[in-house]
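# Structural description and commentary
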Amino acid sequence: MKMRFAKSRNKLPNFVSPYAATGALATLSILLTLVCAPAVKAQTKAPAPGGPVSLEQAVNIALKNNPTIQAASAYAQAARHAIDVAKAGYLPNVNFSEGFTRGNNPVYVFGTLLTQRQFTAANFDLGFLNVPPPLDNFRTQFSASMPLYDFGRTSKRVKSARLQAQGTGDIAERTRQAVVFDVVSAYLNELLAHERVRVAKASVNMTQADLDRARARVQQGLAVESDVLSAQAQLAQARENLIQAQNSVAIGQASLNVAMGIPEETQTKTEGKLSEIKVPVGSLITLQGTALKERPDYQAVQLQAENAQNSVGLAKKEFLPRIDMMGSWEVDNQTFATRGGNNWVAGATLTFNIFNGGARRAQIAESKAYHLRADAMRSHMESVVRLQVREAYLNLNAARQRVSVSQDSSAQAEESLRILRNRYNAGLATIMDVLRAETMQTSAENNHLNAVYDYRLAFAALELATGELGPNSPAVTQ
């Protein structure tokens, strides 16, 4: 008899499809360029040092400390700053420069003396004009340029930056939901590990009692030595199962710490026991509609399609001219400290590209192709979201039924063990019958624990699929 103990269950259990998590390959391929937004402030009190941590507290610790969310926040800030970068296209560009030149080029000397306001009649001498002495010039200049009208180019760029920032905000929310799911999974996994330790200890105690009874019956001449050997073998297996269960607790604790974003060696304690929750669940059609409305990653894909359409408009704007204004003021001196001449210039330019090798038309075609791609990905994402909700909904219903069946099975196995123990004490059953019943009872209890764990996690997966999972959702608070 060998009881099965799951190792660390931080990954999704078998009943949860990869579609139920944000990291699904289909979703990631659609959202390759999007991520993140600010983390949410914790609403529950921090646990006392060394005290038990509730699931709500664990979730809020993760929202504050998980490095995935911190990275997402930094990326979201960058996306929001991109809006200001785009808006800068409306404003003037002002520059300052300070330069020094020295030379005896005739044209340079002639022009520089004029700008320095130092040109005299003596400078018309042919010898001076042909072979002038070296001249120093310190040039201080302020220059500015400003677009007067670019036929909507800048407004299109600002809109694109805003759509991108909104998309990163939506994906940020999805990142937070994924972190919450990871914490719920790790927390329930540790609760399950503690329950398995309890079951394993009970199994060791039961088998030890069987061994003591077998030895007593052998001494009384009512049993053979093989009964003692069978009980000893069963006890060794029960102790091995206990060691595995205790190891699962240590691994589960480290996994929960990592999910919360704290060092894995931190000593944390979970609060409460693994128990079933009663929560109402709407119809499948209602849940799918909620997902299409609430799922932030789906909203991000829609924004991507809108942004791709905006890029087509921006590409078309490149066929239009632009009008810019420019101006400068400068001071030219022969030495850095002395005063010299100053001048200014101002004007406006109309720029219209007549031919650039067909690059603009190619850019429009490229933008249209990206728009078709984004629209197709939005359609695919809608199908993925519907499938994720359906799968999570069916998994929850199956897990709920398993809880009921496994509970009855556990009660039946316990009653069967009680009867066989009485029969063994009366000499009407063998030790092997009792040991098999104990194995069945322990297995049934573990199966019930697995069913409760799967049910709790399936409900969290359903909230993740509908986009409602958060620090205050029923999967966390109940």
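Refer to the structure above for everything that follows.
Every chain's residues receive numbers from 1 upward, in the order its sequence appears when written. Where local features are concerned, this predicted model is filtered to residues with pLDDT of at least 70; where side-chain atom pairs are given and counted, the filter is 80 or more; whole-chain, interface and lining totals use all residues. Side-chain descriptors were evaluated using all non-hydrogen atoms of the structure, hydrogens and water having been removed beforehand.

For the purposes of this entry, the term helix denotes a DSSP run of H or I that reaches at least four residues, the term strand denotes a run of E that reaches at least two, and both are numbered from the N terminus. Regarding its fold elements, the chain presents 12 helices and six strands. With a 1.4 Å probe rolled over the protein chains alone, any residue whose accessible area is under 20% of its type maximum counts as buried; one over 50% counts as exposed, and the rest are partly exposed. Considering the chain as a whole, with its 478 residues, one finds that 44% of them fall into the buried category. The contacts in the chain between residues at least 6 apart in sequence include a share of 83% that link residues at least 24 apart. Only the protein chains shown count as cover for residues, and all accessible areas are computed by the Shrake-Rupley method using a 1.4 Å probe. Entry remark: accessible area of the chain is about 24900 Å², with carbon and sulfur atoms responsible for 58%. The contact definition used throughout considers only heavy atoms, calling two residues in contact when any of these lie within 4.5 Å.

Moving on to the sheet that holds strand β5 (residues 322-333). Taken in spatial order, the four strands line up as β2-β3-β5-β6 in an open sheet, and their pairing is antiparallel. If you trace the sheet from one side to the other, it starts and ends with β2 (93-103) and β6 (341-351), each paired once. Averaged over all neighbouring strand pairs, the angle between strand axes comes to 20 degrees, with direction disregarded. DSSP bridges decide pairing: two strands pair if at least two such bridges lie between them. One ladder, built from 11 bridges, connects strand β3 (residues 135-149) with β5; its direction is antiparallel. Within β5, the position partnered with Ser-143 by the bridge is Ser-328. A fitted line through C-alpha atoms represents every axis, and for helices the fit uses only the stretch in contact; the resulting angles, taken between N-to-C directions, go from 0 to 180 degrees. In this fold helix α4 (residues 106-115) packs onto β2, β3, β5 and β6, with an angle of close to 75 degrees to the strand it touches most, β3.

Right, let's talk about the pattern of salt bridges for a bit. Should their charged atoms come close, side chains of opposite charge can pair. In the sections that follow, a salt bridge refers to a side-chain nitrogen of Lys or Arg positioned within 4 Å of a carboxyl oxygen of Asp or Glu. Counting across every chain of the model gives 19 salt bridges. A salt bridge links Arg-174 to Asp-297; the nearest nitrogen and oxygen atoms lie 3.4 Å apart. Linking Arg-174 in helix α6 (residues 153-219) with Asp-297 in helix α9 (residues 296-317), this pair joins segments that are 123 residues apart in sequence. The same class applies to Arg-174 and to Asp-297, which are both buried. A salt bridge links Arg-213 to Asp-210; the nearest nitrogen and oxygen atoms lie 2.2 Å apart. Note that Arg-213 and Asp-210 are positioned in helix α6 at a spacing of three residues, about one turn of the helix. Each of the salt bridges in this network shares a partner with another, and the network as a whole consists of Asp-375, Arg-378, Glu-382 and Arg-386.

With that settled, consider the pairing of β5. Bridging between β5 and β6 involves 11 bridges; their strand directions are antiparallel. By the bridge assignment for β6, Met-326 is matched with Gly-347.

Time to look at the packing of aromatic side chains. Pairing of aromatic rings covers Phe, Tyr and the six-membered ring of Trp, with a centre-to-centre limit of 6.5 Å; geometry is then stacked below 30 degrees between planes, edge-to-face above 60, and tilted otherwise. All told, the structure shown has seven aromatic pairs when counted by the stated rule. Both rings, one in Phe-110 and one in Phe-119, keep their centres 4.8 Å apart while their planes meet at 70 degrees; by these two values the pair is edge-to-face. Its relative accessible area of 33% is what places Phe-110 among the partly exposed residues. Seen from their ring centres, Phe-138 and Phe-336 are 5.9 Å apart, and the 70 degrees between their planes marks the pair as edge-to-face. In this pair, Phe-138 is assigned in strand β3 and Phe-336 in the loop between β5 and β6, connecting sequence segments 198 residues apart. Grouping aromatic residues by their ring pairs yields a cluster made of Phe-96, Phe-142 and Trp-329. Geometrically, a lysine NZ or arginine CZ counts as sitting over a ring once it is within 6 Å of the ring centre and also within 35 degrees of the ring normal. The ring of Tyr-424 carries the charged tip of Arg-217 above its face, separated from the ring centre by 4.8 Å.

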